[in-house]
Amino acid sequence: TAATVAAGMFTATQAVAAEACDPGEVVIKFSHVVSATGHPKGDFATALAERINNEMNGKACMQVFPSSQLFDDDKVMEALLLGDVQIAAPSLAKFEAYTLKYRVFDLPFLFSDMDAVNKFTQGEKGQELLGAMSDIGFVGLGYVYNGIKHFSANKPLVTPADAAGLKFRVQTSDVAVAMIEAMEANAQKLAFKEVYGALQTGVVDGQENTWSNIYTKKFFEVQDGITETSHQLLSYLAVTSQEWLDSLDPEVRDQFITIFTEVTNDANARSSAINEANKQKIIEAGVEVRTLTPEQRQQWVDVMKPVWGKFADDIGQDVIDAAVAANN
Ligand code: LMR
């Protein structure tokens, strides 16, 4: 299929034409919600498809559907079980319908940096969590990082008191709702593809996301500025169905998993640099990026961190302790 690799063919909406597969090849559809390029997950998906389509030509073929053009993150989980897609990588915040264990990743001010995240995900508890949805038939293939999130709103945010009374879009996560309510603000769960419009029309006043999501979906255009709160992780779980994995020839499965693991490790090593580049692009666009003094930042910590207590039973104190220990 090398001649039909269509990466780089962009339409006006940035849709990437999907790879055409040859008869006899296992078709691997990967649906996600972010931009196809210049983004940790978009670049990961593109790199994965490139390697599979080159190295597994004749055996397997990956088609990537970015920017919610096929499914949003709710629907994609059902689609996995129905066999309509084979790979998805929703944010770990979005699995609440299937397991409450991933709430650990959403606890505000948990990880001090991406090295701590990596230590936790690659450690015993992190690896165990890949199997948290096995009873439903989902397999976690690995963690794919985006980065750390920051707040923005239609007015300057410096302390959490500035957020009181505002409405913030959140992912489908009750931890996020609790965090927003702790600031005496209101939370509204919305799909990623609805965020720009909701900010633009004033359905919500603010949002929280990584530099890469804020830049590639242009949220900064409809916000007052971004406040570098670094309050929470955004990481993805690359997920597939056990049924599909089991249906593969062992040799095909092994090669797929090997390529998958290598591409994930490469992508995770690059994610912080991609976020930093997108931060610079936001600054170059003339957007106000507010940094916090240690005292101001401590106010955000004091307001949000108490929500941990509400979710400790769902997550398990042993898992929380392992995540905290990864900071050392
Ligand atoms: C969000 O909904 O804000 C993110 O989970 C989107 C994404 O995939 O990064």
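Owing to the predicted nature of the structure, the values given are computational and were not obtained by experimental measurement.

K.L.:
Looking at this structure, how should I read the packing of helix H1 (residues 40-55) against helix H9 (residues 250-284)?
P.N.:
Direction vectors running N to C along H1 and H9 enclose 150°, while the axes themselves pass 9 Å from each other. As judged from the angle between their axes, H1 and H9 are roughly antiparallel. Between H1 and H9 lies a crossing whose hand is right-handed. Contacts from Pro 40, Asp 43, Phe 44, Ala 47, Leu 48, Arg 51, Ile 52 and Glu 55 of H1 reach H9 at Gln 255, Phe 256, Ile 259, Phe 260, Glu 262, Val 263, Thr 264, Ala 267, Ser 271, Ile 274 and Asn 275.

K.L.:
In this structure, what is going on with the nonpolar core? I would like to understand it.
P.N.:
Here is a general trend for soluble globular proteins: nonpolar side chains tend to be buried in one another's company. Of all hydrophobic cores here, the largest spans 45 residues; its most connected members are Phe 30, Leu 48, Ile 52, Met 62 and Phe 256. Broken down by element, the residue count for this core peaks at seven residues, all from H9. With residues up to four places along the chain from it excluded, the contact list for Phe 30 reads Phe 44, Ala 45, Leu 48, Met 62, Gln 63, Val 64, Phe 65, Ile 87, Ala 88 and Ala 89. Membership of the second largest hydrophobic core comes to 39 residues, among which are Met 77, Val 104, Val 117 and Tyr 145.

K.L.:
How should I be thinking about the packing of aromatic side chains in this particular structure?
P.N.:
The relative placement of two aromatic rings is captured by the distance of their centres and the angle of their planes. Counting across every chain of the model gives 14 aromatic pairs. Between Tyr 98 and Phe 138 the ring centres are 5.2 Å apart and the planes differ by 85°, which places this aromatic pair in the edge-to-face class. Within this pair, whereas Tyr 98 is found in the loop between strand S3 (87-88) and helix H3 (114-122), its partner Phe 138 is found in strand S4 (residues 138-153), the two being separated by 40 residues in sequence. Seen from their ring centres, Trp 244 and Phe 256 are 5.6 Å apart, and the 90° between their planes marks the pair as edge-to-face. Of this pair, Trp 244 sits in helix H8 (residues 242-247) while Phe 256 sits in helix H9, and the two are twelve residues apart along the sequence. Summarising the burial analysis for this pair, Trp 244 and Phe 256 share the class buried. Among the aromatic residues, those joined into a cluster by ring pairs are Phe 95, Tyr 102, Phe 105, Phe 111, Phe 120 and Tyr 143. For Lys 218, the ring lying beneath its charged end belongs to Tyr 215, and the centroid distance is 5.9 Å. Across the ring face of Trp 308, the terminal group of Lys 305 is positioned such that the distance to the ring centre comes to 4.9 Å.

K.L.:
I would appreciate a short explanation of the pattern of salt bridges in the present structure.
P.N.:
Side chains bearing opposite charge may pair, as long as their charged atoms lie close to each other. As enumerated under the stated definition, the model contains 13 salt bridges in all. The salt bridge involving Asp 174 is made with Lys 189; its shortest N-O contact spans 2.7 Å. You can see Asp 174 sitting in helix H5 (residues 174-182) and its partner Lys 189 sitting in strand S6 (residues 186-189), a full 15 residues away along the chain. Classification of Asp 174 by relative accessible area gives partly exposed; the value is 32%. For Lys 189, a relative accessible area of 38% gives the class partly exposed.

What counts, and where the lines are drawn
- Residues numbered from 1 in each chain as written.
- Predicted model: local features only at pLDDT ≥ 70, side-chain atom pairs only at ≥ 80, totals over all residues.
- Heavy atoms only, no water.
- Axes fitted to C-alpha atoms, helices over the stretch in contact; angles between N-to-C directions.
- Helix = DSSP H or I, 4+ residues; strand = E, 2+ residues; numbered from the N terminus.
- Parallel < 35°, antiparallel > 145°, perpendicular 65-115°, else oblique.
- Left-handed = near helix turned anticlockwise from the far one by under 90°.
- Contact = heavy atoms within 4.5 Å.
- Core = buried A, V, L, I, M, F, W, Y, C linked by side-chain atoms within 4.5 Å.
- Buried < 20%, exposed > 50% of the residue type's maximum accessible area, 1.4 Å probe, protein only.
- Phe/Tyr/Trp six-rings, centres within 6.5 Å; stacked < 30°, edge-to-face > 60°.
- Lys NZ or Arg CZ within 6 Å of the ring centre and 35° of its normal.
- Salt bridge = Lys/Arg side-chain N within 4 Å of Asp/Glu carboxyl O.

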